[in-house]
Amino acid sequence: KKAKEGNILKEEASNIYNVGYAHQSLGETKESVKYFQKALEIYIQLHDSAGIARQYNALGSAYHNMSDHENGIAAFISAKKIFEKMGHQKDYAGCLVNMGLIYQSMNNEDKALANFYEAEKILVSIDNKDYLANVRHGIGTILLKNKQYDKALEKFNQAKTVFVEM
């Protein structure tokens, strides 16, 4: 009976998340946050680490879309810690990339680069080409903006190579 109740709650949390995602897709980001937070509460009640991490990730994206940098970073840090404990390297790297994007939008390019470089290292180690090409392109963009033309060209060429390999 208890397992059945847990499954029902898990389905409810998933549906609530999907409603939030729909709101976010419609540009109704503040509304989406309410749903992501409700789903997060249920996943916490269920002690569902993957669900909790996904909700923090969704909240981080929503806050980023609202230019609420502080809450965005905090949510991605929470998700990142859980993904790390679970050994989910791709998702961990995804949090680093998302944090890098927030720092980049804040013109804090040192922190953006630090996150992108850490993500790059992980993505190389797990051979994830999808994210890797984009991360290298993002690094190249920052280097180009900072007039580090040789390093930028190197990153753009690395990104191109990955795109071609895909």
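Refer to the structure printed above.
An account of the accompanying structure is given in this report. (Residues numbered from 1 in each chain as written. Predicted model: local features only at pLDDT ≥ 70, side-chain atom pairs only at ≥ 80, totals over all residues. Heavy atoms only, no water.)

## Here we look at the nonpolar core
At step 1: Core analysis: the largest hydrophobic core is formed by 42 residues, its most contacted members being Leu59, Phe83, Phe116, Val135 and Ile139.
At step 2: Elements with a minimum of two residues in this core: α1 (2–25), α2 (29–46), α3 (49–65), α4 (69–86), α5 (89–105), α6 (109–125), α7 (129–145) and α8 (149–165).
At step 3: Broken down by element, the residue count for this core peaks at 8 residues, all from α5.
At step 4: What Leu59 contacts, discounting residues up to four positions off in sequence, is Val33, Phe36, Gln37, Leu40 and Ala75. (Core = buried A, V, L, I, M, F, W, Y, C linked by side-chain atoms within 4.5 Å. Buried < 20%, exposed > 50% of the residue type's maximum accessible area, 1.4 Å probe, protein only. Helix = DSSP H or I, 4+ residues; strand = E, 2+ residues; numbered from the N terminus. Contact = heavy atoms within 4.5 Å.)

## Remarks on the layout of surface pockets
At step 1: By volume, the largest pocket is sized at about 270 Å³.
At step 2: Forming the boundary of the largest pocket are 14 residues, of which Gly94, Val97, Asn98, Leu101 and Tyr131 lie nearest the centre.
At step 3: For the lining of the largest pocket, the elements supplying multiple residues, two or more each, are α5 and α7.
At step 4: For the lining of the largest pocket, the element with the most residues is α5, which contributes 7 residues.
At step 5: Tallied by class, residues from the lining of the largest pocket come to 7 nonpolar, 6 polar and 1 charged. (1 Å grid on protein atoms, 1.4 Å probe; cavity = no way out; pocket = protein on both sides within 12 Å on 5 of 7 lines; lining within 4 Å. Points joined across faces, edges and corners; volume = space filled by probe spheres on them. Nonpolar A, V, L, I, M, F, W, Y, C, P; charged D, E, K, R; others polar.)

## Quick notes on the packing of aromatic side chains
At step 1: Counted under the stated rule, the structure contains 2 aromatic pairs.
At step 2: Through successive ring pairs, a cluster of aromatic residues spans Tyr17, Tyr21 and Phe36.
At step 3: Sitting above the plane of the Tyr43 ring, Arg54 keeps its charged end 5.9 Å from the centroid.
At step 4: Just above the ring of Tyr131 sits the side chain of Lys90; from NZ or CZ to the centre is 5.4 Å. (Phe/Tyr/Trp six-rings, centres within 6.5 Å; stacked < 30°, edge-to-face > 60°. Lys NZ or Arg CZ within 6 Å of the ring centre and 35° of its normal.)

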